[in-house]
Amino acid sequence: MTDYRRPLSFGVSLDPSAGAWTQTQHLARTAEDSGLDYLAVQDHPYQPGHLDAWTLITHLSAATDRISFFTDVADLQLRAPVMLAKAAASLSVLTDGRIQLGVGGGGIPDAIASMGGPARRGQDMVAFVEESLGLLRTAMAGGIVQLHSAYHAVDGYRAGPVPPKPVELWLGAQKPRMLAVTGRLADGWISPLNIYVPPPEVPSRQRIIDEAASGAGRDPRALRRVYNVIGVIGAHGEGPGLVGDVRRWVDTLTEWAIELGFDTFVFWPASDPERQLALFADEVVPAVRERVDAVRSGR
């Protein structure tokens with residue numbers, strides 16, 4: 001059992017498709033009104049039908065008041081770390097701290113190259129991401145940023161503004177070397193969708209993160225653990241991922257919190273997003289909170 005006993009939080013992934021914009025805006029407002037914690041936006045700018053993630057988040061942040069946002073995940077090979085830090089810090093100032101940063105190395109090298117990116121792979125990409133995390137953290141703290149390496153040439157950038165609240169760095173990772181970087185340097189782990197990292201494969205990944213964190217003198221319990229969950233809520237639903245009625249969703253997410261160690265669940269509705277969001281926010285989320293609290297308190 002791997003319960004890090006962190007407070008639970010819940011969010012929904014928003015479709016960045018330009019053609020779905022009206023529905024996406026409505027879903028964002030509904031999620032906020034329903035009491036969810038996060039709106040997550042994927043970052044695949046090489047998709048011609050996708051809106052830019054930061055532009056979409058910025059627009060939606062002006063149409064909401066409480067709910068927080070994060071990139072799920074921003075592609076570091078297409079977004080220079082110091083510029084990404086500037087964007088995140090600026091939006092944090094404008095939203096009173098409603099921004100966190102999910103980042104990753106970029107999983108589709110050929111698509112990255114099509115936009116002029118370097119399309120790094122393997123250990124080269126891991127080393128680049130590790131260095132980028134350091135630059136992001138330094139830049140968001142303000143002051144002078146300077147680094148000359150094989151990956152970056154930053155010559156005395158005066159960073160700012162400083163966010164009113166810390167912008168956490170959550171790393172999207174799947175393979176051992178990047179998971180180890182998560183444990184050493186990131187504030188949290190964002191797991192790929194449950195169809196890509198299925199539950200039986202989670203414990204081994206959590207162990208890699210924990211061992212790396214402990215080896216770096218960090219407390220593994222301090223790291224957030226985010227699971228992107230695609231599926232359908234409904235007794236007769238069909239689709240990828242987790243499919244079943246409300247009870248099955250409550251049982252499963254409770255198990256994934258207590259047994260797998262996740263504290264944050266981001267729902268990716270596989271169909272009928274408005275109806276699915278209502279079921280998730282109104283029936284699944286409060287029941288999971290109650291069940292996990294009961295287990296933790298021994299009731």
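Higher on the page you've got the structure.
Model, not experiment: these values are computed from the prediction.

Draft legend 1. Structural context of the nonpolar core. Ranked by internal contacts, the top residues of the largest apolar core, which has 74 residues, are Leu36, Leu101 and Phe280. For this core, the element with the highest residue contribution is helix 5 (residues 122-140), accounting for nine residues. If we skip the residues at most four places from it in the chain, Leu101 touches Trp54, Thr71, Leu84, Ala88, Leu136, Met140, Val167, Glu168, Leu169 and Trp170.

Draft legend 2. Quick peek at the packing of helix 1 (residues 21-33) against helix 2 (residues 53-62). Packing of helix 1 against helix 2 brings their axes to within 10 Å, and their N-to-C directions diverge by 50°. When the axes of helix 1 and helix 2 are compared, the pair comes out oblique. Read as a crossing pair, helix 1 and helix 2 show a hand that is right-handed. Contact residues: helix 1 offers Trp21, Thr24, Gln25 and Ala28, while helix 2 offers Leu56, His59 and Leu60. The residue makeup of the contact of helix 1 with helix 2, split by class, is four nonpolar, three polar and no charged.

Draft legend 3. Just the packing of helix 8 (residues 246-258) against helix 9 (residues 273-297), in detail. The interhelical angle for the contact between helix 8 and helix 9, taken along N-to-C directions, is 45°, at an axis separation of 9 Å. Considering the angle they form, helix 8 stands oblique to helix 9. Helix 9 is crossed by helix 8, and the crossing has right-handed handedness. Facing Val246, Trp249, Val250, Asp251, Leu253, Thr254, Ala257 and Ile258 of helix 8, the residues of helix 9 in contact are Phe280, Glu283, Val284, Ala287, Val288, Arg291, Val292, Val295 and Arg296. Classifying every residue of the contact of helix 8 with helix 9 by side-chain character gives 12 nonpolar, one polar and four charged.

Draft legend 4. Here's a closer look at the packing of aromatic side chains. A complete count under the given rule lists 13 aromatic pairs for this structure. Pairing Tyr38 with Phe70 gives two aromatic rings, centres 5.6 Å apart and planes at 85°, and the pair type is edge-to-face. Of this pair, Tyr38 sits in strand 2 (residues 38-41) while Phe70 sits in strand 3 (residues 68-71); the two residues are 32 residues apart in sequence, bridging distant segments of the chain. Here Tyr38 falls in the buried class, since its relative accessible area comes to 9%. Through a chain of ring-to-ring contacts, three or more aromatic side chains come together here, namely Phe10, Trp189, Tyr227, Trp249, Trp256, Phe262, Phe265, Phe267 and Phe280.

Draft legend 5. Here's a closer look at helix 9. Taking 1.5 Å of rise per residue, 25 residues should cover 36 Å, and helix 9 covers 34 Å from first to last C-alpha, within 8% of that figure. Most pronounced at Phe280, the bend in helix 9 amounts to some 35°. Considering only its buried residues, helix 9 is in contact with strand 1 (9-14), helix 1, strand 10 (224-233), helix 8 and strand 12 (264-269). One or two steps after helix 9, the chain reaches Gly298, where phi turns positive at roughly 80°.

Draft legend 6. Quick look at the pairing of strand 6 (residues 143-148). Pairing of strand 6 with strand 7 (residues 153-159), which is carried by six bridges, proceeds in the antiparallel orientation. Considered in strand 7, the bridge of Ile144 is made with Arg158. The hairpin formed by strand 6 and strand 7 contains four residues between the paired strands.

About the thresholds
- Residues numbered from 1 in each chain as written.
- Predicted model: local features only at pLDDT ≥ 70, side-chain atom pairs only at ≥ 80, totals over all residues.
- Heavy atoms only, no water.
- Core = buried A, V, L, I, M, F, W, Y, C linked by side-chain atoms within 4.5 Å.
- Buried < 20%, exposed > 50% of the residue type's maximum accessible area, 1.4 Å probe, protein only.
- Helix = DSSP H or I, 4+ residues; strand = E, 2+ residues; numbered from the N terminus.
- Contact = heavy atoms within 4.5 Å.
- Axes fitted to C-alpha atoms, helices over the stretch in contact; angles between N-to-C directions.
- Parallel < 35°, antiparallel > 145°, perpendicular 65-115°, else oblique.
- Left-handed = near helix turned anticlockwise from the far one by under 90°.
- Nonpolar A, V, L, I, M, F, W, Y, C, P; charged D, E, K, R; others polar.
- Phe/Tyr/Trp six-rings, centres within 6.5 Å; stacked < 30°, edge-to-face > 60°.
- Expected span 1.5 Å × (residues − 1).
- Bend = angle between axes of the 7 residues up to and from the residue.
- Pairing = 2+ DSSP bridges.

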